[in-house]
Amino acid sequence: MSGAGAPTITTDGRGLRVTVVAASWHTTVMDGLVAGALRALVEAGATTTLVRVPGSFELPVAASRAVAAGADAVVALGVVIRGETPHFDYVCQAATVGLTEVSVRTGVPVGFGVLTTDDEAQALDRAGLPDSREDKGAEAAQAALATVRAC
Ligand code: DLZ
């Protein structure tokens, strides 16, 4: 975990089936997020499935279906960059509320790895790429595993 006040958590994914649901907008950033999440899950010993959807708006339904198919945890990854239209707010709101609803309704942890940034540079800095400061894909994966173990 990174950022002010972030905890240090250890994760054990052995015996867990984890589905990564990932949007496809902003390819370079998404490549970093997906790679970081899968790396963290494999290092923790989890079994992984990757589901790609078009945009972050579609993440909640993909998460819901993953839970219905038996996932022990879901990691949701997306990038929404503020534009000059209100679309940013609608997509962010739909993804955030939808993923929260899936998690609370089903009791299955959903790691939230949806970046909502003002520009692409901010997103690249959090994407787990070689020049990034942070790896939000891996952090979302670790949070999902830790929540399974905590509950
Ligand atoms: C339409 C749209 C826009 C403008 N921006 C993004 C974005 O920055 N990130 C993202 O993941 N998706 C974006 N989308 C697509 C929507 O999430 C969705 O796929 C479409 O509205 C179709 O349902």
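From a predicted model like this one, the values you see are computed outputs, not experimental measurements.

A.B. asks: What should I look at first to understand unusual backbone geometry in this one?
C.D. replies: Excluding glycine, a negative phi dihedral is what most residues carry, and trans is how most peptide bonds are arranged. Here His-26, not a glycine, exhibits a phi torsion of approximately 65 degrees, which is positive. When you line up the elements, His-26 lands in the loop between β1 (17-22) and α1 (27-44). Taking the number of C-beta atoms within 10 Å as the measure of exposure, His-26 has 21 and is therefore buried.

A.B. asks: How should the packing of helix α2 (residues 59-68) against helix α3 (residues 87-106) be read in this particular structure?
C.D. replies: Two numbers describe how α2 lies on α3: the axes approach to 8 Å, and their chain directions differ by 15 degrees. For the element pair α2 / α3, the angle class is roughly parallel. The interaxial crossing formed by α2 with α3 has right-handed handedness. Every residue of α3 that contacts α2 at Leu-59, Pro-60, Ala-63, Ser-64 and Val-67 is listed here: Ala-95, Gly-98, Leu-99, Glu-101, Val-102 and Thr-106. Considering only residue class, the contact of α2 with α3 consists of seven nonpolar, three polar and one charged.

A.B. asks: Where do I start with the sheet that holds β1 in this structure?
C.D. replies: The strands that make up a sheet are held in pairs by hydrogen bonds between backbone atoms, and each pair lies either parallel or antiparallel. Strand order in the open sheet formed by four strands is β2-β1-β3-β4, and the pairing between neighbours is parallel. Looking at which strands have only one partner, the edges of the open sheet turn out to be β2 (47-52) and β4 (110-117). Taken over all neighbouring pairs, the strand axes of this sheet differ in orientation by 15 degrees on average, direction set aside. Pairing of β1 with β2, which is carried by six bridges, proceeds in the parallel orientation. Bridging from a neighbouring strand, Val-20 pairs with Leu-50 of β2. Docked against the sheet, α1 engages β1, β2, β3 (73-81) and β4, running at close to 160 degrees with respect to β3.

A.B. asks: Would you take a moment to explain the site of the ligand for this structure?
C.D. replies: Neighbouring the ligand are 14 residues, the closest being Ala-23, Trp-25, Gly-55, Ser-56 and Phe-57. Residue assignment for the shell around the ligand shows that the elements contributing at least two residues are β3 and α3. Sorting elements by how many residues they give to the shell around the ligand places β3 first, with four residues. For the shell around the ligand, a count of residues per class yields eight nonpolar, five polar and one charged.

The rules behind these values
- Residues numbered from 1 in each chain as written.
- Predicted model: local features only at pLDDT ≥ 70, side-chain atom pairs only at ≥ 80, totals over all residues.
- Helix = DSSP H or I, 4+ residues; strand = E, 2+ residues; numbered from the N terminus.
- Buried ≥ 20, exposed ≤ 12 C-beta atoms within 10 Å, placed from the backbone.
- Axes fitted to C-alpha atoms, helices over the stretch in contact; angles between N-to-C directions.
- Parallel < 35°, antiparallel > 145°, perpendicular 65-115°, else oblique.
- Left-handed = near helix turned anticlockwise from the far one by under 90°.
- Contact = placed C-beta atoms within 7 Å.
- Nonpolar A, V, L, I, M, F, W, Y, C, P; charged D, E, K, R; others polar.
- Pairing = 2+ DSSP bridges.
- Near = placed C-beta within 6 Å.

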